[in-house]
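# Structure at a glance
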Amino acid sequence: MRSPYRREVLEITHCADETDEHLSLEVYNAVWPHDALTIDEVHSFKAAVPEHLDLLARFDGDLAGSGFAAIQPQRPDVVVALVTVLAEQRRRGAGSAFYDAISAWTREHGLETVEAVVADDDPESLAFARRRGFVEDRREKGVALHLAEIELPSVDPPDGIEIVTWAERPELARGMYEVAVEASPDVPGWEDELVEPFEDWLAHEMQGSGDRPEATFVALAGEEVVGYAKFSLTAAQPKTAHHDLTGVKRAWRGRGIARTLKAAQIRWAKENGYEELRTRNDERNAPIRHLNREFGYRPAIGRIYLRGPLSGRTGKARTSS
């Protein structure tokens, strides 16, 4: 039994090397197995952001949690934070210590708002954020498609539209970027996000460790790129493919192009041995949510995004009895 008089030391430290990064990822994957990543994806994400903070929490040397924060080029006015504490280590002060440390880091960078990410099946973490003044900003509903339960959909493009892979036509990158610039601001929840300049967008959004040209589908009208859809893939979930952006230019919407792109993705995934597709959509995004239901996607774990104030504490490590 733990002595009631013994004081446990809670230590918050920066990830000093790749060993620490692996420990941080170990905590994340334990708590978020449905969104598990590899260290390569972690490195890709860090390379895509101008500033980040990666922390570990330990009680008397035993790993308890990880705290990650970043300033993204798409939203430079807010710090996005993901605080992850192992289930058996909760309610001991690690979450509060992470909040203090992330708040101090946010303040050092001249910002005032933190966006916290919480799974929608985790009421304890949601309550933790709300007690600290965080309010819900938006909510993404999760869905999953179990490929063993469906027949392969036909891919029937509208008249005048051709579907190719990016691997077949690598020169289409600039046209895909034009789609992203036009379509991204129209996606509910993404309205205020900036699209990076072309070379940065190409490196960060299309050439990360989870991006594959053969799993990126492009809709062409003649030589004009009018839409595209891509997967985000990870070796941490070798049987699951995650949908990324599906975008269509405004003038070409309502013709069934998004449906055709989605059908092409489903066929490719099933033919290449994937068992499950997952995605999340803002609850206001009625068109894509309706399309997913028609293809047979079922409810899965989603995410809640909350925004809140900074802690007034210093962010130093603390002790708890």
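We now turn to the structure provided with this report.

Rules and cut-offs
Residues numbered from 1 in each chain as written. Predicted model: local features only at pLDDT ≥ 70, side-chain atom pairs only at ≥ 80, totals over all residues. Heavy atoms only, no water. Helix = DSSP H or I, 4+ residues; strand = E, 2+ residues; numbered from the N terminus. Rg over C-alpha atoms; globule rule 2.2 N^0.38 Å. Buried < 20%, exposed > 50% of the residue type's maximum accessible area, 1.4 Å probe, protein only. Contact = heavy atoms within 4.5 Å. Areas by Shrake-Rupley, 256 points an atom, 1.4 Å probe, with all protein chains shown as cover. Lys, Arg positive; Asp, Glu negative; His and termini not counted. Charge placed at Lys NZ, Arg CZ, Asp CG, Glu CD. Polar contact = N/O pair within 3.5 Å; in protein donor to acceptor, adjacent residues only side chain to side chain. Salt bridge = Lys/Arg side-chain N within 4 Å of Asp/Glu carboxyl O. Axes fitted to C-alpha atoms, helices over the stretch in contact; angles between N-to-C directions. Parallel < 35°, antiparallel > 145°, perpendicular 65-115°, else oblique. Left-handed = near helix turned anticlockwise from the far one by under 90°. 1 Å grid on protein atoms, 1.4 Å probe; cavity = no way out; pocket = protein on both sides within 12 Å on 5 of 7 lines; lining within 4 Å. Points joined across faces, edges and corners; volume = space filled by probe spheres on them. Nonpolar A, V, L, I, M, F, W, Y, C, P; charged D, E, K, R; others polar.

## What about the overall build of the protein chain?
Each helix and strand in the protein chain was counted, giving eight helices and 13 strands. Against the globule reference of 20 Å for 321 residues, the protein chain gives a C-alpha radius of gyration of 21 Å, in line with a compact fold. Within the protein chain, the proportion of its 321 residues that are buried is 53%. Sequence-distant contacts in the protein chain: of pairs separated by 6 or more residues, those separated by 24 or more amount to 73%. Of the accessible surface of the protein chain, which amounts to about 15400 Å², a share of 49% is contributed by carbon and sulfur atoms. Averaging the positions of the 40 positive and the 55 negative side-chain charges in the protein chain gives two centres separated by 7 Å.

## Description of the environment of Glu182
Examined against the element boundaries, Glu182 turns out to sit in helix α5 (residues 173–183). When its relative accessible area of 21% is taken as the criterion, Glu182 is described as partly exposed. Apart from the residues within four sequence positions on either side, Glu182 is in contact with Lys249, Arg250, Ala251 and Arg253. A distance of 2.6 Å separates the side chain of Glu182 from the backbone nitrogen of Arg250, its partner in a polar contact.

## Notes on the environment of Ala144
Along the chain, the position of Ala144 falls in strand β6 (residues 135–146). In this structure, the C-alpha to C-alpha distance between Ala144 and Asp60, residues 84 residues apart in sequence, is 40 Å. Sequence-distant contacts of Ala144, that is, excluding residues within four places in its chain, are made with Glu276, Leu277, Arg278, Gly296, Tyr297, Arg298 and Ala300.

## So, the pattern of salt bridges
Per the stated rule, a full pass over the model turns up 31 salt bridges. For the salt bridge of Arg130 with Glu136, the shortest nitrogen-to-oxygen distance reads 3.9 Å. Judged by relative accessible area, which is 45%, Arg130 ranks as partly exposed. Across the pair Asp282 and Arg284 runs a salt bridge, and its minimum N-O distance is 2.8 Å. Note on Asp282: relative accessible area 3%, which makes it buried.

## Comments concerning the side chain of Asp35
Note that Asp35 resides in the loop between α1 (18–31) and α2 (39–48). Exposure remark for Asp35: the relative accessible area of 9% places this residue in the buried category.

## Re the packing of helix α7 (residues 257–271) against helix α8 (residues 286–295)
Running from N to C, α7 and α8 cross one another at 45°; their axes reach a closest spacing of 11 Å. In terms of axis orientation, α7 runs oblique to α8. For the pair α7 and α8, the crossing hand works out as right-handed. On the side of α7, the interface is formed by Ala258, Arg259, Lys262, Ala263 and Ile266, while α8 contributes Ile288, Leu291, Asn292, Glu294 and Phe295.

## Quick look at the layout of surface pockets
Considering only enclosed or pocket space, the second largest pocket measures out at about 660 Å³ in volume. If you go around the second largest pocket, you meet 32 residues; those closest to its centre are Val83, Val85, Gly95, Ser125 and Phe128. Elements supplying a minimum of two residues to the lining of the second largest pocket: β4 (75–85), α3 (94–108), β5 (114–119) and α4 (123–131). Looking at the lining of the second largest pocket, its residues break down into 17 nonpolar, seven polar and eight charged.

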